[in-house]
Amino acid sequence: MRKTVHITVDPDFIHDHDRIRTLVEESAPGPFAAFEIVRRSVDARSKRPRYLLQVMLDPPQRPHPASAGGIRPTLRSGPGVVVVGAGPAGYFAALALLKRGIRPTILERGGPVAQRRKDIAAMLRSGRVDPVSNYCFGEGGAGAYSDGKLYTRATKRGDVSEILDLFIAHGAPEDIRVDAHPHIGSNRLPRIIAAMRQTILEAGGAIYFHNRATDFIIRRDRVHAVVTETGDVFEAEAVILATGHSARDIYNLLRTKGVTLAPKPFAVGVRLEHPQELIDQLLYHQAPRHENLPAAAYRFAEQVADRGVYSFCMCPGGLVVPAATGPGEVVVNGMSNAARNSPFANAGIVVEVRPEDIGPLAARNALDTLAYQQALEARAFAYGGANGQTAPAQRLTDFLSGTLSDTLPPSSYIPGLQPARVDTLLPEDITRRLRAGLTAFGKKRRGFLTREALVLAVESRTSAPVRIPRDPASLLHPELGGLYPCGEGAGYAGGIVSSAMDGLRVARKIAEDIFP
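Please read all numbers here as calculations on a predicted model, not as lab measurements. Within every chain, residues take consecutive numbers counted from 1 along the sequence as written. Owing to the predicted nature of the model, reporting of local features is limited to residues with pLDDT of at least 70; listing and counting of side-chain atom pairs is limited to 80 or more, with chain, interface and lining totals taken over all residues. With hydrogens and water stripped out, all remaining heavy atoms of the structure feed into the side-chain values.

**Q** How should I be thinking about unusual backbone geometry in this particular structure?
**A** Keep in mind that most residues, glycine aside, have a negative phi and that most peptide bonds are trans. A cis amide bond links Ala287 with the next residue in sequence, Pro288, at an omega value of 0°. Strands here are runs of E lasting at least two residues and helices are runs of H or I lasting at least four, both read from the DSSP assignment and numbered beginning at the N terminus. With respect to the element layout, Pro288 can be found in the loop between α7 (276–284) and β13 (301–304). With an omega of 5°, the peptide bond running from Ala457 to Val458 counts as cis. Among the structural elements, Val458 can be located in strand β20 (residues 454–459). You will see that Asp58, though not glycine, has its phi angle at about 45°, which is positive.

**Q** I tried to follow the pattern of salt bridges on my own but got confused; where do I start?
**A** Pairing between side chains of opposite charge can happen when the charged atoms of each approach one another. The term salt bridge refers to a pairing of a side-chain nitrogen on Lys or Arg with a carboxyl oxygen on Asp or Glu at a separation within 4 Å. Scanning the model with the defined rule gives 34 salt bridges in all. Here Arg197 and Glu139 are joined by a salt bridge, their closest N and O atoms 2.8 Å apart. Highlighted residues: Arg197 in helix α5 (residues 189–202) and Glu139 in the loop between α3 (113–126) and α4 (160–169), separated in sequence by 58 residues. Glu139 shares its class with Arg197; the two are buried. A salt bridge links Arg435 to Asp423, with the nearest nitrogen and oxygen atoms 3.0 Å apart. Taken together, the positions of Arg435 in helix α12 (residues 428–444) and Asp423 in helix α11 (residues 422–425) put the pair 12 residues apart, joining distant regions of the chain. Residue burial is assigned from relative accessible area. The probe radius is 1.4 Å, only protein chains are included, and a residue is buried under 20% of its type maximum, exposed over 50%, and partly exposed in between. By relative accessible area, Asp423 is classed as buried at 6%. A single network of salt bridges, built from pairs that share partners, joins Asp306, Arg307, Glu352, Arg354 and Asp357.

**Q** Is there a simple way to explain the environment of Ala473 in this structure?
**A** With respect to the element layout, Ala473 can be found in the loop between β21 (466–467) and β22 (483–485). Sequence separation between Ala473 and Arg445 is 28 residues; the distance between their C-alpha atoms is 45 Å.

**Q** Which parts of the structure should I look at to understand the sheet that holds strand β17 (residues 344–353)?
**A** Hydrogen bonds between backbone atoms are what pair the strands of a sheet, whose relative direction is either parallel or antiparallel. Reading across the sheet, the 7 strands line up as β13-β14-β17-β12-β20-β18-β19 and stay open at both edges, with mixed pairing between neighbours. The open sheet has two free edges, formed respectively by β13 and β19 (417–419), since each of these has just one partner strand. Pairs of neighbouring strands in the sheet enclose a mean axial angle of 30°, with direction left out of account. Two strands qualify as a pair provided DSSP detects at least 2 bridges between them. Both strand β14 (residues 307–315) and β17 contribute to a ladder of 5 bridges, which runs antiparallel. For Phe312, the partnering residue across the bridge sits in β17 and is Gly348. For helices, the fitted axis covers only the stretch in contact; all axes are lines through C-alpha atoms, and the angles between them, taken along N-to-C directions, range from 0 to 180 degrees.

**Q** Please clarify how the side chain of Gln276 should be interpreted in this entry.
**A** With respect to the element layout, Gln276 can be found in helix α7. Contact partners of Gln276, with chain neighbours within four places excluded, come to Arg289, Ala295, Ala296, Pro316, Gly317, Ser342, Pro343, Phe344 and Ala345. We call two residues contacting when some pair of their heavy atoms lies within 4.5 Å.

**Q** So what exactly am I meant to see when it comes to the side chain of Glu488 here?
**A** The topology assignment puts Glu488 in helix α13 (residues 487–490). Put simply, Glu488 is tucked away with no salt bridge, and the nearest opposite charge, on Lys264, sits 7.8 Å away. In this structure, Glu488 is in contact with His245, Thr462, Ser463, Ala464, Ala493, Gly494, Gly495 and Ser499, ignoring residues within four places of it in sequence. This count recognises Lys and Arg as positive and Asp and Glu as negative, with His and chain-terminal groups excluded.

**Q** Looking at this structure, how should I read α7?
**A** An α-helical turn contains 3.6 residues, so any two residues separated by three or four positions project in the same direction. All of the buried residues along α7 are Gln276, Ile279, Asp280, Leu282, Leu283 and Tyr284. Summarising the axial view, the buried residues of α7 lie within an arc of 170°, below the 170-degree limit, and thus occupy one face. On its buried face, α7 is in contact with β2 (35–43), β12 (266–275) and β17. Trailing α7 by a residue or two, His285 shows a phi angle of about 60°, which is positive. Arc, as used here, means the arc of the directions from the helix axis to the C-beta atoms.

**Q** Which parts of the structure should I look at to understand the pairing of strand β1 (residues 4–9)?
**A** Within a regular beta strand, the side chains point alternately toward one face of the sheet and then the other, so they alternate between its two faces. Judged by which residues are buried, β1 turns out to be one-sided: Val5, Ile7 and Val9 face inward and are buried, whereas Thr4, His6 and Thr8, on the alternate face, are not. Examined bridge by bridge, β1 and strand β3 (residues 50–57) share 6 bridges and lie antiparallel to one another. Bridge pairing links Val5 to Val55 in β3.

**Q** I would appreciate a short explanation of the nonpolar core in the present structure.
**A** Proteins that are soluble and globular tend to have nonpolar side chains buried together. Side-chain atoms within 4.5 Å are what join buried Ala, Val, Leu, Ile, Met, Phe, Trp, Tyr and Cys residues into a set we call a nonpolar core. Val81, Tyr91, Phe167, Ile240 and Ile510 are the most contacted members of the largest nonpolar core, which totals 65 residues. The set of elements that each furnish at least two residues to this core consists of β4 (81–84), α2 (88–99), α3, α4, α5, β10 (238–241) and α14 (496–513). Listed in part, the 59 residues of the second largest apolar core include Phe266, Val353, Leu396 and Leu426.

**Q** What exactly am I supposed to notice about the packing of aromatic side chains here?
**A** Any aromatic ring pair is given by two values, namely how distant the centres are and how the planes are angled relative to each other. Here the aromatic set is Phe, Tyr and Trp, taking the six-membered ring for Trp, and pairing holds for ring centres within 6.5 Å; pairs whose planes are under 30 degrees apart are stacked, those over 60 apart are edge-to-face, and all others are tilted. Applying the stated criterion across every chain yields a total of 8 aromatic pairs. Chaining the aromatic ring pairs together yields one cluster made of Tyr298, Phe300, Phe441 and Phe448. Here, over-ring charges are defined by two tests on the NZ atom of lysine or the CZ atom of arginine: distance to the ring centre within 6 Å, and angle to the ring normal within 35 degrees. The ring of Phe399 carries Arg435 above its face, with NZ or CZ at 5.7 Å from the centroid.

**Q** Whenever I open this one, the packing of α4 against α14 confuses me. Can you help?
**A** Axes are the key here: two packed helices are described by the angle between their axes and the distance separating the axes. As a packed pair, α4 and α14 sit with axes 10 Å apart at the nearest point and diverge in direction by 100°. Classified by the interaxial angle, the pair formed by α4 and α14 is roughly perpendicular. Residues Val160, Glu162, Ile163 and Phe167 of α4 touch α14, and the partners they reach there are Ile496, Val497, Ala500, Met501, Leu504 and Arg508. Polar here means any residue outside two lists: the nonpolar Ala, Val, Leu, Ile, Met, Phe, Trp, Tyr, Cys and Pro, and the charged Asp, Glu, Lys and Arg; Gly therefore counts as polar. Residues belonging to the contact of α4 with α14 are distributed by class as follows: 8 nonpolar, no polar and 2 charged. Each angle gets one of four labels, with under 35 degrees taken as roughly parallel, over 145 as roughly antiparallel, 65 to 115 as roughly perpendicular, and the rest as oblique.

Written as structure tokens, this is what we have:
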């Protein structure tokens, strides 16, 4: 068994290899030839933050990440697998299929990831949302321009290292294998996604952009083909449905085809924005922070009246962005670039919503949870002044006291803010729980509840409010042969890594059952 040691390193010396080696030697139980840092995190419990390093002595030889794909050059003839959606679930499923000699055909409603950047920039300027190219839709999915965080608690679903190796093989920094909370950044991730696309195409896969799935050809309780808005028909031995958490048209299409859907718990709330320097002071006990420390991040979770209230998608040194996918709605989310050098920190602060909270029928009708989500987004649009993507906002202290803010502090949100009673925009039970949860956290972090913090509405796309059922063993929809619900939009993932892991799992099952 290879030995590991744990050492503590002052930020002054985190880039000093000789100093780190000396500390490893002092902690090692015996002589060693080489060492490798396998885990790195910041311990901010003391007045002077330190790095905690887990170090492996005499590590094994790792294969170069560039070999992680291992794609076979010869593909099987005949219909392959149609993958609906070019997000992490779809692309990682495609890579896994190619590795097994199975041809994937990927259908994506939006355009290539570079084009998305232009469409997002246009939305930020004009406030008009392109319904197929925005922060949620297009190549790379919702994660491409929403931070690129790779931290997940879904390790029980599979080996996260395989996902990280594939990212590294396509240009991600090797640090993501070491950091306790790996992060690529929205400025780097698009290049990695484009490299994955190139791998898929060079290996024989096909990708059709601007081809939104509009129908399924079903015969004898089995899906045989996917029809797109262009009128093209794509036949398939299997269909992987990996459309992401905002593809509401797919849920409606499935319902019209008589395919069973199920409601599921989700979460709604607000996006909370602070000056980053204040968060650094609260967590690191220093401002400005040490130059070798990352922007400080917080996390909290409380139980209020039998529902979870928690932080979600915390973006230190980040920006608040508009995540609407159509006209007449305002949705906010967060992102950050690799350097995390914005003067602001933001996080979703959300409340767990169960179908029974919406009404007695929602426990049976999946689309009721979707309607609840849509209604909140329409209210946010109205409260924001019905002017493009202007977001309703309130000082945190005014949200807690229930008063309209006469002025608003600076914000990273480019489309602009409208002072509004965010506390009355949200359902009363959501506001009550948010206030209780924030107050409890404020008692643990004195200074967190400040009038310099902003509450923006509405944070509603934390996850899909609908689940597309699948058999836990076969991963097939229980009523429709050939259909493999996958990823976040189907209700089986909650971020980039867990979606990618689900894509790998589904692809392997297809290879095992259909292409042995």
